[in-house]
Amino acid sequence: MTLQFDYEDVQLIPNKCVVESRKECDPSIQFGPHWFRLPVVPANMQTIIDEELAVTLAENNYFYVMHRFNPERRFEFVQTMHERDLISSISVGVKQDDITLIHDLKEASLTPDYITIDIAHGHSDAVIDMIRTIKQALPTSFVIAGNVGTPQGVTELEQAGADATKVGIGPGKACITKLKTGFGTGGWQLSAIEWCAQVATKPIVADGGIRTHGDIAKSIRFGASMVMVGSLFAGHDESPGELITVDGEPYKTYFGSASEFQKGERKNVEGKKLHVPYKGALQDTLTSMTEDLQSAISYAGGTDLESLKTVDYCLVKNTIRNGD
Ligand SMILES: NC(=O)C1=CN([C@@H]2O[C@H](COP(=O)(O)OP(=O)(O)OC[C@H]3O[C@@H](n4cnc5c(N)ncnc54)[C@H](OP(=O)(O)O)[C@@H]3O)[C@@H](O)[C@H]2O)C=CC1
Ligand SMILES: Nc1nc2c(ncn2[C@@H]2O[C@H](COP(=O)(O)O)[C@@H](O)[C@H]2O)c(=O)[nH]1
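Residues numbered from 1 in each chain as written. Chains lettered and ligands numbered in written order. Predicted model: local features only at pLDDT ≥ 70, side-chain atom pairs only at ≥ 80, totals over all residues.

The name an unreviewed UniProt entry assigns to the protein is GMP reductase, from the organism Alkalibacillus flavidus. A UniProt comment under Function (unreviewed entry) is attached to the protein, and it reads "Catalyzes the irreversible NADPH-dependent deamination of GMP to IMP. It functions in the conversion of nucleobase, nucleoside and nucleotide derivatives of G to A nucleotides, and in maintaining the intracellular balance of A and G nucleotides." Listed under Sequence similarities (unreviewed entry) in UniProt, the entry text for the protein is "Belongs to the IMPDH/GMPR family. GuaC type 2 subfamily." (UniProt positions renumbered as here; feature names shortened; annotations may be inferred.)

What follows is the structure, given as structure tokens:
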């Protein structure tokens, strides 16, 4: 590994503009068998997505991954989405109830379009076995596996049959893995994406640490196809987190999937609960994310996301906010 850097350490360098308006720039992406309006997906966390929002996103051609924290709902969720002719995208872990779900889906000839295997330390035999189980039972489901933070992790999950790998150990806003274990990609997540992308033969999902819309363009520059976003999507009307008032100001809760709050017990806690300022309608954020990505593409001198992949960049070492 060479130099490590994170989102705030990098500025992309503009190329000559080839469009008359940013509206000409297309931020859509093919990810697996489907096209989506943005290369961005809300994190599969209980305060970020619920079934209602999943339907809204699917109806409007945004990628989503339903979380796995109402395990008994997953079968019916896939069924309902298919009845409505919408994309189904669920999460699983690696335990017996997850394996049973896969077999039940096969028995019912119900194939989710996307299955995300979502555990903290995804570079493991448990995930490799789960990929094989899914691919044997539901060979046409697009499997996203993670999370990993190294090229070795990416390669082993790809070799097991993963169609995409999710990169990011501990860069999340609600994460305390880095503090509790000393491990992770927090502080160098962007270079971890680049490092992993050097060996990846399939798409990479950059997961965690996105703090601004510009970080999405940077993720793509350094090798991500899709970007998973938690805290930036928290706090909206549609966000399932609880609405609370602190000193007269509205906030919504955002908690880690490995927080005591999520787990209901203080065992292997690696996440915390935060209050995120209330942000209004999610569509406003999606619209401004779209505009910002269109603008980024125009600065890259192109008309679509491909142009971001080859732009030059500078390392500015934590100075990006100096003018703020
Ligand atoms: N991206 C990230 O940095 C992180 C994300 N998370 C999120 O928290 C949620 C819960 O994750 P997780 O606890 O993995 O899910 P699970 O509770 O489903 O556990 C996964 C399985 O892996 C085993 N395991 C072995 N080593 C580890 C390890 N270092 N961390 C976690 N499990 C391990 C667990 O056994 P045992 O419990 O007996 O050890 C368990 O059998 C997920 O949604 C995950 O994405 C959590 C932490 C970090
Ligand atoms: N270490 C932990 N990571 C977690 C936990 N819950 C979720 N996550 C990861 O964070 C991202 C979202 O990051 P953000 O910076 O956009 O807020 C999410 O997709 C998970 O990978 C947790 O409890 N501990």
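Having put the structure on the table, let's press on.
A. The site of ligand 2, seen in detail. Around ligand 2, 24 residues are found, and the nearest of them are Gly 172, Cys 175, Gly 230, Gly 256 and Gly 271. Class assignment for the residues of the shell around ligand 2 results in eight nonpolar, 13 polar and three charged. (Near = placed C-beta within 6 Å. Nonpolar A, V, L, I, M, F, W, Y, C, P; charged D, E, K, R; others polar.)

B. Region of interest: the pairing of strand E9 (residues 204-207). Burial along E9 is two-sided: Ile 204 and Ala 206 and Val 205 and Asp 207, pointing in opposite directions, are all buried. Bridging between E9 and strand E10 (residues 226-229) involves three bridges; their strand directions are parallel. For Val 205, the partnering residue across the bridge sits in E10 and is Met 226. This β-α-β element, E9 to helix H8 (residues 214-221) to E10, shows right-handed connectivity. (Buried ≥ 20, exposed ≤ 12 C-beta atoms within 10 Å, placed from the backbone. Helix = DSSP H or I, 4+ residues; strand = E, 2+ residues; numbered from the N terminus. Pairing = 2+ DSSP bridges. Right-handed = clockwise from strand over helix to strand, strands pointing away.)

C. Quick peek at helix H4 (residues 125-137). Relative to the 18 Å expected for 13 residues at 1.5 Å per residue, H4 spans 18 Å between its end C-alpha atoms, a close match to the ideal helical length. On its buried face, H4 sits against strand E5 (89-92), helix H3 (96-107), strand E6 (114-118), strand E7 (142-148) and helix H5 (151-160). (Expected span 1.5 Å × (residues − 1). Contact = placed C-beta atoms within 7 Å.)

D. Representation of the packing of helix H2 (residues 74-83) against H3 in the model. One way to put it is that H2 packs onto H3 with a least axis distance of 10 Å and a crossing angle of 35°. Relative to H3, H2 is oriented so that their crossing is right-handed. Contact with H2, carried on its side by Arg 74, Phe 75 and Val 78, involves Leu 101, Asp 104 and Leu 105 of H3 and no other residues of that element. Split into classes, the residues belonging to the contact of H2 with H3 amount to four nonpolar, no polar and two charged. (Axes fitted to C-alpha atoms, helices over the stretch in contact; angles between N-to-C directions. Left-handed = near helix turned anticlockwise from the far one by under 90°.)

E. Structural view of the sheet that holds strand E11 (residues 243-246). If you walk across this open sheet you meet the three strands as E11-E12-E13, and the pairing is antiparallel. On the outer flanks of this sheet lie E11 and strand E13 (273-277), each paired with one strand and no other. When the angles between neighbouring strand axes are averaged without regard to direction, this sheet yields 45°. Both strand E12 (residues 249-255) and E13 contribute to a ladder of five bridges, which runs antiparallel. Bridging from a neighbouring strand, Tyr 251 pairs with Pro 277 of E13.

F. Examining the nonpolar core more closely. With 86 residues, the main nonpolar core has Ile 131, Ile 193 and Ile 204 as its most contacted residues. Sort the elements by how many residues they give to this core and helix H7 (residues 189-197) lands first, with six residues. (Core = buried A, V, L, I, M, F, W, Y, C linked by C-beta atoms within 7 Å.)

G. Spatial organisation of the site of ligand 1. For ligand 1, the set of nearby residues contains 20 residues, the closest of which are Gly 93, Ile 119, Ala 120, Ser 257 and Ala 258. When grouped by side-chain class, the residues that make up the shell around ligand 1 number seven nonpolar, 10 polar and three charged.

H. Expanded view of helix H10 (residues 282-299). Taking 1.5 Å per residue as the helical rise, H10 with its 18 residues ought to reach 26 Å, and the 26 Å between its terminal C-alpha atoms agrees with that figure. Once H10 ends, the next one or two residues include Gly 301, with phi positive near 80°.

I. Local environment of the packing of H3 against H4. Two elements in contact, H3 and H4, have axes separated by 9 Å at closest approach and are oriented at 10°. One element, H3, and the other, H4, form an angle in the roughly parallel class. Residues Asp 98, Ile 99, Ile 102, His 103 and Lys 106 of H3 touch H4, and the partners they reach there are Met 130, Thr 133, Ile 134 and Ala 137. The residue makeup of the contact of H3 with H4, split by class, is five nonpolar, two polar and two charged. (Parallel < 35°, antiparallel > 145°, perpendicular 65-115°, else oblique.)

J. Region of the structure containing the sheet that holds E6. Reading across the sheet, the seven strands line up as E4-E10-E9-E8-E7-E6-E5 and stay open at both edges, with parallel pairing between neighbours. Here the strands that pair on one side only, and so sit at the sheet edges, are strand E4 (40-42) and E5. Shown here is a sheet whose adjacent strand axes are inclined to one another by a mean of 25°, direction ignored. Both strand E8 (residues 164-167) and E9 contribute to a ladder of three bridges, which runs parallel. By the bridge assignment, Lys 166 is partnered in E9 with Val 205. Along the sheet, H7 makes contact with E8 and E9, crossing E9 at roughly 165°.

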